Amino acid sequence: QVQLVESGGGLVQAGGSLRLSCAASGRTFSSLAMGWFRQAPGKEREFVAAISRSGRSTSYTDSVKGRFTISRDNAKNTVYLQMNSLKSEDTALYYCAARGFGVSSWPDDYDYWGQGTQVTVSS
């Protein structure tokens with residue numbers, strides 16, 4: 001089994017930055033592809049970014065390309081989401097997820113989920 005714990009969320013003004021972290025325990029972290037998803041009130045859970053086991057392959061939803069960067073440090077069992085130039089529409093509960101295969105944008109492909117960290121962007 002895998003446990004995931006997100007941190008780093010908070011309240012920030014539009015144009016500001018936040019870095020989210022997701023710490024993993026249990027299964028060997030380097031064997032997991034990792035993803036970030038978000039869910040805003042009244043909306044479906046949405047793919048944000050994903051990264052392969054090695055970190056050499058990444059994927060982003062179009063709305064965050066050029067603003068968000070996903071990365072991982074396998075020695076620290078941690079995946080990050082650096083969020084720059086934040087907009088009010090980025091406001092959501094952000095979830096970290098893991099799977100034992102390649103990167104995916106589909107929530108159902110992921111086997112493990114954290115409890116989420118709230119990001120609120122004021123305008």
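Structural data are supplied above this passage.
Just so we're clear, the structure is a prediction, and the values are computed from it rather than from any experiment.

Undergrad: Sorry, what's going on with the packing of aromatic side chains here?
TA: The description of two aromatic rings rests on the distance between their centres and on the angle between their planes. Following the criterion strictly, the structure yields five aromatic pairs and no others. Aromatic pair Phe37 and Phe47: ring centres 5.6 Å apart, planes at 70 degrees, arrangement edge-to-face. Of the two residues, Phe37 sits in strand β4 (residues 33–39) while Phe47 sits in strand β5 (residues 46–51), which places them 10 residues apart along the sequence. Across the pair, Phe47 and Phe37 agree in class, each one buried. Ring geometry for Tyr110 and Trp113: centres 6.2 Å apart, planes at 65 degrees, overall edge-to-face.

Undergrad: For this particular structure, what's the right way to read the state of the cysteines?
TA: The bond known as a disulfide is covalent and runs between the sulfur atoms of two cysteines. Counted under the stated rule, the structure contains one disulfide. Cys22 shares a disulfide with Cys96; S-S distance 2.0 Å. Disulfide Cys22-Cys96: the torsion about the S-S bond is -80 degrees, which places it as left-handed. Residue Cys22 is found in strand β3 (residues 18–26), and its partner Cys96 is found in strand β9 (residues 92–99); the two are separated by 74 residues along the sequence.

Undergrad: How should I be thinking about the environment of Val119 in this particular structure?
TA: With respect to the helices, strands and loops of the structure, Val119 is situated in strand β11 (residues 117–122). Leaving out residues up to four positions away in the same chain, Val119 has contacts with Gly9, Gly10, Leu18, Leu20, Met83, Asp90, Thr91, Ala92 and Tyr94.

Undergrad: Would you mind going over unusual backbone geometry with me for this structure?
TA: Trans peptide bonds make up the majority, and among non-glycine residues the majority have a negative phi. Located in the positive-phi region is Asn77, a residue other than glycine, with phi close to 55 degrees. Relative to the helices and strands, Asn77 resides in the loop between β7 (68–73) and β8 (78–83). Positive phi, normally seen in glycine, also occurs at Ser85, with a value near 50 degrees. With respect to the helices, strands and loops of the structure, Ser85 is situated in the loop between β8 and β9. Exposure remark for Ser85: the relative accessible area of 40% places this residue in the partly exposed category.

What counts and what doesn't
Residues numbered from 1 in each chain as written. Predicted model: local features only at pLDDT ≥ 70, side-chain atom pairs only at ≥ 80, totals over all residues. Heavy atoms only, no water. Phe/Tyr/Trp six-rings, centres within 6.5 Å; stacked < 30°, edge-to-face > 60°. Helix = DSSP H or I, 4+ residues; strand = E, 2+ residues; numbered from the N terminus. Buried < 20%, exposed > 50% of the residue type's maximum accessible area, 1.4 Å probe, protein only. Disulfide = S-S within 2.5 Å. Contact = heavy atoms within 4.5 Å.

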